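Notes for the structure review
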Amino acid sequence: MTSEFFIPDPEGLIPSAEGYFGAYGGKFIPEALVAAVDEVAVEYDKAKADPAFAAELNELMVNYTGRPSALTEVPRFAEHAGGARIFLKREDLNHTGSHKINNVLGQALLTKRMGKTRVIAETGAGQHGVATATACALFGLDCTIYMGEIDTQRQALNVARMRMLGAEVVAVKSGSRTLKDAINEAFRDWVANVDRTHYLFGTVAGPHPFPAMVRDFHRVIGVEARRQLLERAGRLPDAAVACVGGGSNAIGLFHAFIPDEGVRLVGCEPAGHGVETGEHAATLTAGEPGILHGSRSYVLQDDEGQITEPYSISAGLDYPGIGPEHSYLKDVGRGEYRAVTDDAAMQALRLLSRTEGIIPAIESAHALAGALELGKELGKDGLILVNLSGRGDKDMDTAARYFGLYDTDAVVEADADSDRAEIEGDAK
Amino acid sequence: MSGNIELLNTTLAAAKAADRAALIAYLPAGFPTVDGGIEAVKAVVAGGADVVEVGLPHSDPVLDGPVIQTADDIALRGGVRIADVMRTVREAYEATGVPILVMTYWNPIDRYGVERFTAELAEAGGAGCILPDLPVQESALWREHADKHGLATVFVVAPSSQDARLATITAAGSGFVYAASLMGVTGTRASVGAQAQELVGRTRATTDLPVCVGLGVSNAAQAAEVAGFADGVIVGSAFVKAMLDAPDEAAGLAAVRSLAGELAEGVRKR
C-alpha cells in the first residue's frame, strides 16, 4: 500500500474555476468575506502544488489519525441483507472517531500557512467539533465551536470532549437550534473576526473552494477502500453506500468510484419520521435548488425561499442543505439518493452492534439501513461497500432512551415508545 | 411601469446640493405587523428620513445581529409574504413620495423569480435593491432585470475590499454604494470605526456614485461624524431596537419618528 493519503482530485475538471459543479456551487457570500474566501482558495492551490504540504499531511494521517483505516467484512450482519456480501470502510477507527479528522488536519495545516491563529467551526453531532478542537490542541490554535442548543443536549458527551480539548463551545439558540443555525452563527463570527480567524468548514458545502477542498481531503476514503476491496473481494462493489447530511463522508467514499460506471453510488438521506410527514432532512429527495450558506444546491425551502426547519434523530444529518457536488451527481444520474427513517436507522444500529460488535454512529446507521435494503435488491451475488463514517459512543444516551436500555426504564416496548416520544419532543 | 431609480438619484443629489448627508432608514416589512411596518416607514419619513430600505425578512439572516434577527423572526412567525413586502413598498411610497428600496438575501428572490420580483417591485414604485449576499460576479442576471425595470442595484463594499475589486463593484452598481463601516454584522456600536472614512475615500476614487455608510450608527453624534465624510448615513438596528423596546406599537412609532428627527439633525451637522 502506498504511503500517499492526501490525494486531491487528479482530473481538476470539476468544479469550474468559479466553483461550479454543473449548475451548482459558486460563491454567494457577503463582500466582507470575499477576500478571506479568495485567500483560502489561493492558499489551497499553493498547498496542493507543494510536496512539503502533502508530506506533512501524510505523516499526520499515518501517525496521528492511524490511516489507512481498516476494511471489515460483516457476514453476520449481511445475513439480514439477502445474503449479499457487505464490507465496511472503518472511518470510525480514525483518531477522534470519525472521518472528520481527514479534512480537519488538512485545513488546520492551511490555517498555519495563512498565519491565522484562531479557528472557528460549526458542528452538528459534535464529531467535526471534536476533530477541530483536537487539531487546534495539536497545533496551538484558539478554537471556538458553534453548536445548536438542541445538539449540545443530544450530544453532550462531545461537548465535554471539546471542552476537555480546550475549545470554547457556544450553544446557538437561534432558529431551529441545530446545525444550520450553528453555521449561521459561525459565519457571523467570521465576518467580524476574519483577520486572524479561519472558518474550518466541516462539510462539502459552503462557498468555493470549500466543496472541492473538503472533498479532496476526504478522497482518501474511497481511494483506500477501492484498493482494499479489489484485494479482498477481487472486484469492485455493486454499490458504494454512505449517509448524507452535508455530504462529506459520502463524497469522500464516492469520488474515487465515479469513473467506475458499474459501481452505483448510493447516498442515504435522513427521512426522520418519514418524508411524507414533513419532519425530515431529506434534501435531495424533497428539496429544490436554492442558495444556502454560500452556494447553490438543493435546499429544503418553502415557495418563497425561506429555509424550512429540518428534523432527524441524527444531529449530524439534521441539515436542510447538501454539498453542490451531490446535487450535480443527482441531476446527471451518477448518484442515487434514498431516504432512511429514524426507525430504520436505529434498527440497523442495534443490528450491527449485536451481529458484529461494532456500535456505529446514528449518522452511519442510515447508510447501514440503506445497505440492508440494497442487499435485498441485489441478492446473493451482491457486493456492497458501506462507509462507516463514525462510531456510536456519542449516541449512547439517545440509543439507550430509544431502546429503553437504562435500569431506571422498564425495559418494555411501551416505555421505549414513550421515551422515544420524549426524545423526539426535545428534538423539535 | 418603470421603477424609481431616478427618484433615488435626484433625492441623493438634492441632499448633496444642500451640503448635507442623506438619512437612509432600514425597517423590516411585517414587523411588528405588515400594517405596523408600513406605519413605521411613514414615521421615519415624517421624522426626516430621505430614503427607506424595507427589509424582506429571511429565515437565515447570516449578516444580521440579534436585533434584526429578532424582528425578522417576529415578521416570519406573523406569516409575512413577498406580497406583503410589495404592499409595504407601494403604500409607503404612495404615502411619502420618498425612494423605497428592498434589502434582502438572494435566495428569496432566486426562488420567487428574478423577472417576477423586479417587475412587481417596479410596479409597486420601488427604487432598487440591496442584496448583500449576491456578490458582483454572480449578479449579471439580477442586473439585467433590474436595469430593464428601472431599479437601482446597490452593492455593499467592506473595509476588506481591495481597490481593484472596489472598481469592479462600483462599475456594476447604481443608485449609491453601501459602505460597511466595519467588519461585522448589523447592530449598534459604541463607535463607528476609522475604517469607514478610509473606505469611503477609496470607494470615491473609483466612482461618482454617492457613497453611504451603514453598520453601527445609532445616534445623532455618530450620524454627524459619518456625515462629515459620506454622502449618506444608513441606520437600521437602532430603529428596530426602538420598536422592540417600546411598550406598544403607538409608542414604537413615536420612538422611531423621534429618533429619525435626531438623526436628521445629525446628518445636517457635518
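Residues numbered from 1 in each chain as written. Chains lettered and ligands numbered in written order. Predicted model: local features only at pLDDT ≥ 70, side-chain atom pairs only at ≥ 80, totals over all residues.

A few points about the overall build of chain A
To keep it simple, the criterion reads: In this description a helix means any DSSP run of H or I spanning at least four residues, a strand means any run of E spanning at least two, and both kinds are numbered starting from the N terminus. Only C-alpha atoms enter the radius of gyration; for comparison, a globular chain is expected to reach 2.2 Å times N to the power 0.38, where N is the number of residues. Using C-beta atoms placed from the backbone, we call a residue buried if 20 or more other C-beta atoms fall within 10 Å of its own, exposed if 12 or fewer do, and partly exposed for counts in between. Once C-beta atoms have been placed from the backbone, residue pairs whose C-beta atoms lie within 7 Å are recorded as contacts.
In terms of regular secondary structure, chain A is built from 16 helices and 14 strands. In terms of overall size, chain A behaves like a compact globule, its C-alpha atoms giving a radius of gyration of 20 Å where 428 residues would be expected to give roughly 22 Å. The buried share of chain A, taken over its 428 residues, is 61%. Within chain A, contacts between residues separated by at least 24 positions form 73% of all contacts whose residues are at least 6 apart in sequence.

Some points on the UniProt feature "active site" (unreviewed entry) in chain B
Residue and element names in this part refer to chain B. Stated formally: UniProt positions are given in the numbering used here, feature names are shortened, and annotations may be inferred rather than shown by experiment.
Here, the residues flagged by UniProt with the feature "active site" (unreviewed entry) are Glu53 and Asp64. Along the chain, Glu53 turns up in strand β2 (residues 51-55). On the neighbour-count criterion, Glu53 (27 C-beta atoms within 10 Å) is buried. With near-sequence residues (within four places) excluded, Glu53 lies in contact with Ile24, Tyr26, Leu101, Met103 and Ile130. Tracing the backbone shows Asp64 in the loop between β2 and α3 (66-77).

Comments concerning the interface of chain B and chain A
By a widespread convention, an interface's size corresponds to the accessible area lost as its parts come together. The condition that has to hold: Three classes are used, and their members are as follows: Ala, Val, Leu, Ile, Met, Phe, Trp, Tyr, Cys and Pro are nonpolar, Asp, Glu, Lys and Arg are charged, and the others, Gly among them, are polar.
Counting residues at the interface gives 30 residues for chain B, matched by 25 residues for chain A. When contributions to the side of chain B that touches chain A are tallied by element, the ones reaching two or more residues are α3, α5 (106-112) and β6 (156-157) of chain B. At six residues, α5(B) tops the list of elements feeding residues into the side of chain B that touches chain A. Counted by class, the side of chain B that touches chain A contains 16 nonpolar, eight polar and six charged residues.

Section: the nonpolar core
To keep it simple, the criterion reads: The term nonpolar core means buried Ala, Val, Leu, Ile, Met, Phe, Trp, Tyr and Cys residues held together as one set by C-beta atoms within 7 Å. Where each domain begins and ends is defined by an automated method or by a domain database.
Residues Val241(A), Val44(B), Val52(B), Ala179(B), Val233(B) and Phe239(B) are the most contacted members of the largest nonpolar core, which totals 239 residues. With ten residues, helix α9 (residues 210-233) of chain A is the single largest residue contributor to this core. When residues of this core are assigned to domains, at least three map to each of domain 1 (20-65 + 100-210) and domain 2 (71-96 + 218-427) of chain A. Beyond its immediate stretch of four places on either side in the chain, Phe239(B) contacts Ala25(B), Tyr26(B), Leu27(B), Val44(B), Val256(B) and Leu259(B).

With respect to the sheet that holds strand β3 (residues 100-103) of chain B
Residue and element names in this part refer to chain B. Selection rule: In short, DSSP must find at least two bridges between two strands for them to pair.
Reading across the sheet, the nine strands line up as β5-β4-β3-β2-β1-β9-β8-β7-β6 and stay open at both edges, with parallel pairing between neighbours. Looking at strand neighbours, the two that pair on one side only are β5 (152-154) and β6, the edges of this open sheet. Summarising the sheet, strand β8 (residues 211-214) and strand β9 (residues 232-235) pair through two bridges and their orientation is parallel. Bridged to Val213 within β9 is Val233.

Details of the sheet that holds strand β14 (residues 383-388) of chain A
In a beta sheet, neighbouring strands pair by backbone hydrogen bonds and run either parallel or antiparallel. All names here are of chain A. Threshold: To obtain an axis, a line is fitted to C-alpha atoms, over the contacting stretch when the element is a helix, and the angle between two such axes runs from 0 to 180 degrees between their N-to-C directions.
A sheet is described by the order of its strands in space; here six strands give the open sequence β3-β4-β14-β9-β10-β13, paired in mixed fashion. The open sheet has two free edges, formed respectively by β3 (71-73) and β13 (335-341), since each of these has just one partner strand. Averaged over all neighbouring strand pairs, the angle between strand axes comes to 25°, with direction disregarded. In this fold helix α13 (residues 342-356) packs onto β10 (264-272) and β13, with an angle of close to 85° to the strand it touches most, β13.

Overview of the domain arrangement of chain A
Residue and element names in this part refer to chain A. You can read the domains of chain A as domain 1 (20-65 + 100-210) and domain 2 (71-96 + 218-427). Placing a centre on the C-alpha atoms of domain 1 and another on those of domain 2 gives a separation of 23 Å. Taken residue by residue, the interface counts 41 residues in domain 1 and 43 residues in domain 2. Broken down by secondary-structure element, the contributors of at least two residues to the side of domain 1 that touches domain 2 are β2 (24-25), α2 (51-65), α4 (100-113), α5 (127-139), α6 (149-154), α7 (156-164) and α8 (179-193). For the side of domain 1 that touches domain 2, the residue count by class is 18 nonpolar, 18 polar and five charged.

A word on the pairing of β3(B)
On a regular strand, each side chain points to the face opposite its neighbour's, so the side chains alternate between the two faces of the sheet. All names here are of chain B. Of the two faces of β3, the one carrying Ile100 and Val102 and the one carrying Leu101 and Met103 are both buried. Here four bridges tie β2 to β3, and the two strands are oriented parallel to one another. Counted as the bridge partner of Val54 is Val102 from β3. When β3 meets strand β4 (residues 128-130), the two strands line up parallel, connected through three bridges. Pairing of Leu101 across the sheet is with Gly128, part of β4.

Quick look at the confidence of the model for chain B
Stated formally: Scored between 0 and 100, pLDDT is the confidence that the predictor attaches to each residue.
Here chain B averages 96 in pLDDT, while 100% of its residues score no lower than 70. Model confidence for the complex is summarised by a pTM of 0.94, with the ipTM given as 0.95.

Observations regarding unusual backbone geometry
Following His208(A), the chain continues into Pro209(A) via a peptide bond in cis, with omega recorded as 15°. For the bond from Phe31(B) to Pro32(B), the omega torsion is 0°, close enough to zero to count as cis. Within the element layout of this structure, Pro32(B) appears in the loop between β1 (22-28) and α2 (34-47). For Thr96(A), which is not a glycine, the phi torsion comes out positive at approximately 80°. With respect to the element layout, Thr96(A) can be found in the loop between β4 (85-90) and α4. With 24 C-beta atoms counted inside 10 Å, the residue Thr96(A) sits in the buried group.

As for the packing of α4(A) against α5(A)
How two helices pack is summed up by the angle between their axes together with the distance between the axes. Residue and element names in this part refer to chain A. For clarity, the cut-off: The cut-offs work like this: below 35 degrees is roughly parallel, past 145 is roughly antiparallel, 65 to 115 is roughly perpendicular, and the gaps in between are oblique. Two helices that cross are described as forming a left-handed crossing if the nearer one is turned anticlockwise from the farther one by less than a right angle, and a right-handed crossing if clockwise.
Contact geometry of α4 with α5 gives a least axis separation of 9 Å together with a crossing angle of 40°. One way to sum up the angle between α4 and α5 is to call them oblique. Judged by the sense of rotation from one axis to the other, the crossing of α4 with α5 is right-handed. Along its contact with α4, which presents Lys100, Ile101, Val104, Leu105, Ala108 and Lys112, the element α5 presents Gln127, His128, Ala131, Thr132, Ala135 and Phe139. Residues belonging to the contact of α4 with α5 are distributed by class as follows: seven nonpolar, three polar and two charged.

Here's the deal with the pairing of strand β9 (residues 239-243) of chain A
Residue and element names in this part refer to chain A. We count it as follows: Looking down the strands as they point away from you, a crossover is right-handed if its path from the first strand over the helix to the second goes clockwise.
Among the five residues in β9, five count as buried, and that is most of the element. Going residue by residue along β9, you find Ala239, Val241 and Cys243 tucked away on one face and Ala240 and Ala242 tucked away on the opposite face as well. Handedness of the crossover joining β9 and β10 through helix α10 (residues 248-254) is recorded here as right-handed. Alignment of β9 against β14, held across three bridges, turns out to be parallel. Across the sheet, Val241 pairs through a bridge with Val386, a residue of β14.

What to know about the packing of α2(B) against helix α12 (residues 249-266) of chain B
All names here are of chain B. Packing of α2 against α12 brings their axes to within 7 Å, and their N-to-C directions diverge by 30°. Relative to α12, the element α2 is oriented roughly parallel. Crossing handedness for the pair α2 and α12: right-handed. Residue-level inspection shows Gly36, Glu39, Ala40, Ala43, Val44, Ala46 and Gly47 of α2 in contact with α12, the latter providing Glu249, Leu253, Val256, Arg257, Ser258, Leu259, Ala260, Gly261 and Ala264. Of the residues in the contact of α2 with α12, the class split is nine nonpolar, four polar and three charged.

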